[in-house]
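# Examination of the molecular architecture
One-letter residues, chain by chain:
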Amino acid sequence: MIIVLKNKTTEQEINELMSWLTQFKVTTNLVQGVHSNIIGLIGDTTQIDIEAVQAKECVEGVQRVQEPYKNANRKFHPDDTVIEVRGRTIGGGKTQVMAGPCSVETEEQIITTAIAVKQAGATMLRGGAFKPRTSPYSFQGLGKEGIDLLLKAREVTGLPIVTEIMDVSDIDLFADVDIVQVGARNMQNFTLLKALGRCDKPVLLKRGLSGTLQELLMSAEYIMSEGNQKVILCERGIRTFEPAMRNTLDLAAVPLLRQKTHLPVTVDPSHATGIVSLIEPCALGAVAVGADALEIEVHNDPKNAWSDGAQQLTPSKFAQTMEKIKALAEFMGKPVDNVG
Ligand code: PEP
Ligand code: MN
């Protein structure tokens with residue numbers, strides 16, 4: 001249930017209403033927004049008489065919420081969530097571009113690529129240290145050593161780092177990581193989601209291969225219901241009957257998610273398509289439909305990459321693509337962040 005308060009409601013009126021609501025044993029969540037103040041009620045609200053609430057002097061309106069996600073619901077939190085990461089804002093009217101290799105391979109590879117993506121205008125560095133691979137015989141990532149190399153690359157470039165966690169037991173290794181990614185295959189690893197919900201760290205939550213948008217939002221809810229509100233959603237393509245691309249990029253999910261939730265939305269055209277020539281058009285499509293951020297795979301030498309060589313851009317192709325992204329993002333009113 002959502003209670004929308006009148007514009008000029010005083011602190012005292014809010015406190016009185018909040019204490020009146022305690023009798024119903026629901027969790028109350030006061031959100032003081034730019035345009036309005038609301039109280040979100042989570043729990044069993046069946047005992048609450050809407051008319052009794054409506055009758056309170058300071059109440060503008062009351063709405064029952066049908067969706068099973070509450071914390072992530074835009075009705076509960078009308079303003080966009082803005083997540084700050086080392087001076088960059090995700091969801092705050094800027095576009096962030098997370099770029100870097102699929103996997104961290106060597107010091108030279110990650111540093112060279114990090115410098116190149118920064119020069120081209122990327123605002124964050126991505127790179128996998130723990131890799132979810134279809135085959136157990138494929139390269140599985142450098143693990144802790146990969147995180148250490150990412151931290152080195154951050155020291156050299158100043159770019160915040162985004163990297164994937166696969167197992168809850170590795171959580172301590174991510175203490176210095178700026179954004180923890182939950183990969184598509186772990187979207188419904190509820191133990192992992194709950195553990196990340198108890199951390200104070202932004203989480204980039206990728207949509208599962210066959211995850212519906214409601215399931216994605218429920219996974220965000222797992223993290224948020226434990227306390228961590230810093231969730232960034234990521235559309236990375238879903239599995240359909242179409243075999244021509246690695247996955248099918250669901251671009252319409254972006255504006256729909258932005259209607260349903262206040263959380264920022266990222267698009268990953270690399271895993272969505274798996275085809276180098278489709279990265280630029282799909283990245284631009286993502287900006288055009290309102291994405292808050294992009295995640296793009298870039299490798300200093302894609303032909304010799306240890307994973308996902310077919311979808312990684314060269315630094316020079318990425319630089320060309322960035323020019324178009326910057327121009328379109330500017331036109332869309334969400335310029336690519338420029339933190340120097
Ligand atoms: C990745 O970003 O490295 C990755 C494995 O992506 P996804 O979980 O979307 O497949
Ligand atoms: Mn990859």
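Our structure's up above, just so we're on the same page.
The paragraphs below set out a description of the structure included in this document. All values derive from a computational prediction rather than experimental measurement. (Residues numbered from 1 in each chain as written. Chains lettered and ligands numbered in written order. Predicted model: local features only at pLDDT ≥ 70, side-chain atom pairs only at ≥ 80, totals over all residues. Heavy atoms only, no water.)

## Some remarks on the coordination of the manganese ion (ligand 2)
- Protein coordination at the manganese ion (ligand 2): the donors are C102 (SG), H271 (NE2), E297 (OE) and D308 (OD), at 2.0 to 2.4 Å from the metal.
- Considered as a linear motif, the donors of the manganese ion (ligand 2) on their single chain read C-x168-H-x25-E-x10-D. Of this pair, C102 sits in the loop between β7 (96-100) and α3 (107-120) while E297 sits in strand β14 (residues 293-297), and the two are 195 residues apart along the sequence. Of the two residues, C102 and E297, both sit in the buried class. (Donors = N, O, S within 2.8 Å, 3.2 Å for Na, K, Ca; no water. Helix = DSSP H or I, 4+ residues; strand = E, 2+ residues; numbered from the N terminus. Buried < 20%, exposed > 50% of the residue type's maximum accessible area, 1.4 Å probe, protein only.)

## Focus: the side chain of R207
- Summarising the element assignment, R207 is placed in the loop between β11 (203-206) and α6 (213-225).
- At 2.9 Å, the side chain of R207 and the side chain of D250 are in polar contact.
- With near-sequence residues (within four places) excluded, R207 lies in contact with A184, M187, T212, L213, L216, C234, E235, R236, I238, D250 and A253. (Polar contact = N/O pair within 3.5 Å; in protein donor to acceptor, adjacent residues only side chain to side chain. Contact = heavy atoms within 4.5 Å.)

## Side note on the pattern of salt bridges
- Counted by the stated rule, this structure contains 22 salt bridges.
- For K94, the salt bridge is made with D337, and the minimal N-O distance between the two is 3.6 Å. With a gap of 243 residues between them, K94 in the loop between β6 (88-90) and β7 and D337 in the segment after α10 (315-331) connect regions that are remote in the sequence.
- Two residues, K152 and E107, come together in a salt bridge whose shortest N-O distance is 3.3 Å. Taken together, the residues K152 in helix α4 (residues 144-157) and E107 in helix α3 connect sequence positions 45 residues apart.
- For E107, a relative accessible area of 38% gives the class partly exposed.
- One salt-bridge network, in which partners are shared between bridges, spans R74, D80, R258, D292 and K334. (Salt bridge = Lys/Arg side-chain N within 4 Å of Asp/Glu carboxyl O.)

## A look at the layout of surface pockets
- Its volume calculated, the largest pocket comes out at about 380 Å³.
- Taken together, 26 residues make up the lining of the largest pocket; nearest its centre are P132, R185, R246, H271 and D308.
- Per-element accounting of the lining of the largest pocket gives the leading share, three residues, to strand β9 (residues 161-165).
- The volume enclosed by the second largest pocket comes to roughly 160 Å³.
- Lining the second largest pocket are 12 residues, and of these G121, A122, D337, N338 and V339 lie nearest its centre.
- Split into classes, the residues belonging to the lining of the second largest pocket amount to four nonpolar, four polar and four charged. (1 Å grid on protein atoms, 1.4 Å probe; cavity = no way out; pocket = protein on both sides within 12 Å on 5 of 7 lines; lining within 4 Å. Points joined across faces, edges and corners; volume = space filled by probe spheres on them. Nonpolar A, V, L, I, M, F, W, Y, C, P; charged D, E, K, R; others polar.)

## Points about the packing of α3 against α10
- The N-to-C vectors of α3 and α10 enclose an angle of 30 degrees; their axes lie 9 Å apart at closest approach. When the interaxial angle is binned, α3 and α10 end up roughly parallel. Our pair here, α3 against α10, has a crossing hand that is right-handed. Taken together, the residues of α10 that come into contact with α3 (itself represented by A116, V117 and A120) are P315, F318, A319, M322, E323 and K326.
- The residue makeup of the contact of α3 with α10, split by class, is seven nonpolar, no polar and two charged. (Axes fitted to C-alpha atoms, helices over the stretch in contact; angles between N-to-C directions. Parallel < 35°, antiparallel > 145°, perpendicular 65-115°, else oblique. Left-handed = near helix turned anticlockwise from the far one by under 90°.)

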